[in-house]
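Letter by letter, the chains look like this.
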Amino acid sequence: MVILLGHRGCPGTANARRFLTELGVIFIVRDVLKDPEAREQLLASGVPATPLIIIGNRRLTGFDSRAILEALGYRREEEGEIESASSRG
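An account of the accompanying structure is given in this report.

The rules behind each value
- Residues numbered from 1 in each chain as written.
- Predicted model: local features only at pLDDT ≥ 70, side-chain atom pairs only at ≥ 80, totals over all residues.
- Heavy atoms only, no water.
- Helix = DSSP H or I, 4+ residues; strand = E, 2+ residues; numbered from the N terminus.
- Expected span 1.5 Å × (residues − 1).
- Buried < 20%, exposed > 50% of the residue type's maximum accessible area, 1.4 Å probe, protein only.
- Arc of directions from axis to C-beta.
- Phe/Tyr/Trp six-rings, centres within 6.5 Å; stacked < 30°, edge-to-face > 60°.
- Axes fitted to C-alpha atoms, helices over the stretch in contact; angles between N-to-C directions.
- Parallel < 35°, antiparallel > 145°, perpendicular 65-115°, else oblique.
- Left-handed = near helix turned anticlockwise from the far one by under 90°.
- Contact = heavy atoms within 4.5 Å.
- Nonpolar A, V, L, I, M, F, W, Y, C, P; charged D, E, K, R; others polar.
- Polar contact = N/O pair within 3.5 Å; in protein donor to acceptor, adjacent residues only side chain to side chain.
- Pairing = 2+ DSSP bridges.
- Right-handed = clockwise from strand over helix to strand, strands pointing away.

The end-to-end C-alpha separation of helix 1 (residues 11-23) is 18 Å, in line with the 18 Å expected for 13 residues at 1.5 Å each. All buried positions along helix 1 are accounted for by Gly-12, Thr-13, Ala-16, Phe-19 and Leu-20. In an axial view of helix 1, the angular spread of the buried residues amounts to 130 degrees, which keeps them on one side of the axis. Away from its buried face, by an angle of more than 90 degrees, helix 1 presents the exposed residues Pro-11, Thr-21 and Glu-22. Where helix 1 ends, the next residue or the one after it, Gly-24, has phi of about 80 degrees, a positive value.

And the structure:
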């Protein structure tokens, strides 16, 4: 499960949302300014900054495409291609 905690005015949240969408990842967006439970989840993480991206048991703070790919099980091939764990044979 992938959860994106952020808010509308956050550029990192917008970048993460766009990146996850481009990858075809199904994810839940929770707005920390409108959703008190999402805000509590963000504060409980110890890093009160957005976006907070939860992928399985990993928590990623800020937008970092490489960290997102790694957490999703993608790896970079020697030729520079990105391959998902599910497409490897």
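The next subject is the packing of aromatic side chains. This structure, assessed with the given rule, holds one aromatic pair. Measuring from centroid to centroid gives 5.7 Å for Phe-19 and Phe-63, while their planes differ by 75 degrees, and the two rings are edge-to-face. Of this pair, Phe-19 sits in helix 1 while Phe-63 is found in the loop between strand 4 (58-61) and helix 3 (65-72), placing the two residues 44 residues apart along the sequence.

Moving on: the packing of helix 1 against helix 3. The geometry of helix 1 relative to helix 3 is characterised by a closest axis approach of 11 Å and an angle of 45 degrees between their N-to-C directions. In terms of orientation, helix 1 lies oblique with respect to helix 3. Here helix 1 and helix 3 pass one another in a crossing that is right-handed. Together, Phe-19, Leu-20 and Leu-23 of helix 1 and Ser-65, Ile-68, Leu-69 and Leu-72 of helix 3 make up the contact between the two elements. Of the residues contributing to the contact of helix 1 with helix 3, the split by class is six nonpolar, one polar and no charged.

Between the side-chain oxygen of the N-cap and the backbone nitrogen of Glu-37 there are 3.0 Å, and the N-cap of helix 2 (residues 36-44) in question is Asp-35. Phi for Gly-46, located one or two positions after helix 2, is positive at around 90 degrees.

The pairing of strand 1 (residues 2-6) with strand 2 (residues 28-31) spans four bridges and is parallel. Following the sheet pairing, Leu-5 is matched in strand 2 by Arg-30. The parallel pair strand 1 and strand 2, bridged by helix 1, forms a crossover whose chirality is right-handed.

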